[in-house]
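# Per-entry structural report
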Amino acid sequence: MTNLSPKISELARPRPPMGDTNYLDALNAPQREAVEALDGPVLVLAGAGTGKTRVLTTRFAHLLAMSKARPWEILSVTFTNKAAREMRNRVAALVGESAEGIPWLGTFHSISAKVLRKHAELVGLKSNFTILDTDDQIRLLKQVILAENIDVKRWTPRHMAGLIDNWKNRGLGPDKISQSDGWSFANGKGAKVYEIYQQRLKTLNAVDFGDLLLHTLGIFLKHEDVLAEYTRKFKYMLVDEYQDTNVCQYLWLRLLARGSNNLCVVGDDDQSIYGWRGAEVDNILRFEKDFPGAKVVRLEQNYRSTGHILAAASKLITANEDRLGKTLWTDEDGGEKVKVFGVWDGEAEAIAAVEEIENWYSKHNAYADCAVLVRASRQMRAFEERFIQLGLPYRVVGGPRFFERLEVRDAHAYMRVIASDADDLAFERIVNTPKRGIGATSVQKLQQAARQLDLPLLSTARQLIQTDEITGKARTGLRALLTDIDHWRQMAETTKHAELAELVLDESGYTAMWQADKSPQAEGRLENLKELVQAMAEFDDLESYLEHVALVSERETGPSDDQISLMTLHAAKGLEFPLVILPGWEESVFPSQMALDENGNRALEEERRLAYVGLTRARQQAIIYFAANRQIYGRWQAVLPSRFVDELPPEHVEAKAETGYYGQQGNAGGGMADIVSGSSYDSPGWRRFQASKTRNKTIEGSAKAVAKPGAGGFCIGERIFHQKFGYGRIKAMDGDKVEVTFEKAGIKKLMVGFLEKPENL
DNA sequence: TGGGGGCACCTTTTT
DNA sequence: GGTGCCCCCA
């Protein structure tokens, strides 16, 4: 195991400026070039681990030091709050500026929200508009779709939400939807639903995520004077992760850059992994054409990974055609080769991988060094089970989001109702939670009346309880709720928002509802409510808290213990770990069959970029696993090693052929076999195992046994798996006949099979 | 109104 | 295989 030299790891850390421009000394030549090319458009192609953030932050500092701009004249955009936070901290440390003195550093969405709040009236909103989350968005869409008499089962709100997101990502308002686009939903009603939805949002004084950008773009396009205000303001612009921008963001940036033309974008076309969310790799591929005279700087020296890992990743990515091309290199030659292990199934994979982690721990004493990066979250379960079984500390990164939990959203809804009469979505959410006898029928009556009166639900409810339209339990319940709301609003005048929240949850009976709940989750929910109150207390007032919640979906995690990280490949972008475990490198799992079906070669290239991202997270060791059998949605499937495995350069890879599925030529592993009745499998190099009898019964169809050439065939004692009978072992062989006993769950079956002469051996 | 049964779905998800 | 959703029934 080669450790990275201290010199290298030190380079990756920011240094405070020593004098005027001493911070430049910490840069290598291309980094410095990227920092010093101050005027005009600049494209920085920053490969993985080449010091991208360092360039961005140093450039910011340099602009100040050269008196090119003041901190508030620089627009710096990132995609994630985490990236924004890191950049803010590093810039602040570098220039000694307080973090508050950098007002225009943030995510696309937070900066757009800021602009939109200022000019809300230009798009028919009030500046205190609510930002809806996905759940609200879908509930609202469902109402619209139902009202249009569209079959919600066939045309789901989720589907429509996806289409709308897509349109918004492309900068298309309801008026810009082409005939063909609109047709993709409910026989041509898509555009209409979109239009009504936008209308409803306006009435509710609300926007969804996409609107933050789309409305701002619309304002820039329609109001020259407003645009001019910002193009004058922003003398320089810095954009992080440019490969992830969508069309709307691109247009937004382009308009703003019209003033100064000082747009510097940093990105890596090889790390574009959000195409399915509207990111256009094309934006970065096209930059030089879009911004004539742009200076292009390539950062190719990698400070993160050892030579073998970097070489393996670099070779892999060359299989992609749509790329600008970079040649990453490192001073750190050697290190450990990338390991590729073939294993039996998901369980074996978790066992083997966790063994490697324990092995690492025994040498380095740090679980936090280790990360398991999976393609899909369902792969996490096997690992979690193993971690728990062995009592190893781990954390799931990017798991279920705190602010998206049911109880947290309910609590927010109460606060939103108190804050605003107009928030129908929040009102609907809490009107009968906890149960107040206000059932679906009553809510429907309310909605109907609200539409007639053209009033929000809450105001309508006030009127309706005066009449006889709602009776009995519902009327009593509604009256009590309205009285409570009035009372809470009064309290809000004098009570801090966090205390108010506690009081509201108590008095509304919401807390009591969960206390009475005997299900195992209830306790966790109560804890989350407590944490919620704490989170609220960290903000000055309710508005700033709700803004934070809307734009920052994750509760900030404090300093973490020494834990193994378990996450998806997507969540791992921007992170690095000494040891990276990459399980599930099998065709159909990774690359994901679903992605391939949907988007063909484009998707394949994106999957490959994902593989590239995964490998380049590793500093010292990367271990890839693939299984021969994978349970997908409860069905056993025999699977082949991912094509990405084959694309790795053999000289940088160490393959273990312990299962006989994979390995260098001539490596004779034991060769496990898989027998799956009823399916045929004719991939070259794989042999069929024709199973004919189980005791006296014949197994229908052909079964197969798999072993790669060179694996040496079956042997006595070898493990066999059968879909129906589970694990078994070869007990005896006689010529082509193989006797197998199945031991699982009391089944003792004897199978006799015939081994076909393999064509390819 | 709530609960149980049947059924369709199933990737990634910075904001 | 597990979950979430809808519908129907008591």
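The following refers to the structure shown.

Each value, and the rule that gives it
- All residue numbers refer to position in the chain's written sequence, counted from 1.
- A letter from A marks each chain and a number from 1 marks each ligand, given out in the order of writing.
- Two thresholds apply to this predicted model, a pLDDT of at least 70 for residue-level local features and 80 or more for giving and counting side-chain atom pairs, whereas whole-chain, interface and lining totals are computed over all residues.
- Just so you know, side-chain values use all the structure's heavy atoms and leave hydrogens and water out.
- We call a residue near a given molecule or strand whenever any one of its heavy atoms falls within 4 Å of it.
- Just so you know the grouping, Ala, Val, Leu, Ile, Met, Phe, Trp, Tyr, Cys and Pro go in nonpolar, Asp, Glu, Lys and Arg go in charged, and all remaining residues, Gly too, go in polar.
- Note on method: axes are straight lines fitted to C-alpha atoms, helices fitted across the in-contact stretch only, with angles between N-to-C directions ranging 0 to 180 degrees.
- Helix and strand definitions follow DSSP, with helices as H or I runs of at least four residues and strands as E runs of at least two, each counted in order from the N terminus.
- Any angle that falls under 35 degrees is termed roughly parallel, while one over 145 is termed roughly antiparallel, one within 65 to 115 roughly perpendicular, and all others oblique.
- Residue contacts follow a heavy-atom distance rule, with two residues in contact if any of their heavy atoms lie within 4.5 Å.
- Method remark: on a 1 Å grid restricted to protein atoms, a set of points is classed as a cavity if a 1.4 Å probe fits but cannot get out and as a pocket if it is open with protein on both sides within 12 Å along at least five of seven lines; lining residues have an atom within 4 Å of a point.
- Grid points are joined across faces, edges and corners, and a volume is the space filled by probe spheres set on the points.
- Side-chain atoms within 4.5 Å link the members of a nonpolar core, which is a set of buried Ala, Val, Leu, Ile, Met, Phe, Trp, Tyr and Cys residues.
- Buried means the residue's accessible area, taken with a 1.4 Å probe over protein chains only, is under 20% of the maximum for its type, while exposed means over 50%, and partly exposed covers the values in between.

## Notes on the protein's contact with DNA strand C
In the vicinity of DNA strand C, the contacting residues are Lys-142, Arg-381, Tyr-633 and Gly-634. For DNA strand C, the fraction of protein-proximal atoms (within 4 Å) that sit in sugar or phosphate groups is 33%. A breakdown of the residues in the surface near DNA strand C according to their chemical character gives one nonpolar, one polar and two charged.

## A few points about the packing of helix α6 (residues 134–147) against helix α7 (residues 157–169)
Where α6 contacts α7, the two axes come as close as 9 Å, and the packing angle between them is 110°. Considering their axes alone, α6 and α7 lie roughly perpendicular with respect to each other. Contact with α6, carried on its side by Gln-137, Ile-138, Leu-141, Lys-142 and Ile-145, involves Pro-157, Arg-158, Met-160, Ala-161, Ile-164 and Asp-165 of α7 and no other residues of that element. Residue composition of the contact of α6 with α7, by class: seven nonpolar, one polar and three charged.

## Some thoughts on empty space enclosed by the protein
Per the stated rule, a full pass over the model turns up one cavity of 30 Å³ or more. Taken together, Val-417, Ser-420, Asp-421, Asp-423, Asp-424, Phe-427, Leu-457 and Leu-458 make up the lining of the largest cavity. Elements represented by at least two residues in the lining of the largest cavity include exactly α19 (424–430) and α21 (457–464). Its residues assigned to classes, the lining of the largest cavity comprises four nonpolar, one polar and three charged.

## A short note on the nonpolar core
Inside soluble globular proteins, nonpolar side chains tend to come together where they are buried. Formed by 69 residues in total, the largest nonpolar core has its most connected members in Met-160 and Trp-252. When residues in this core are grouped by element, the largest group, seven residues, is from helix α12 (residues 247–260). In this structure, Met-160 is in contact with Leu-141, Ile-145, Trp-167, Phe-185, Gly-190, Val-193 and Tyr-194, ignoring residues within four places of it in sequence. Grouped together as the second largest cluster of nonpolar side chains are 48 residues, Ala-411, Met-415, Ala-498 and Leu-505 included.

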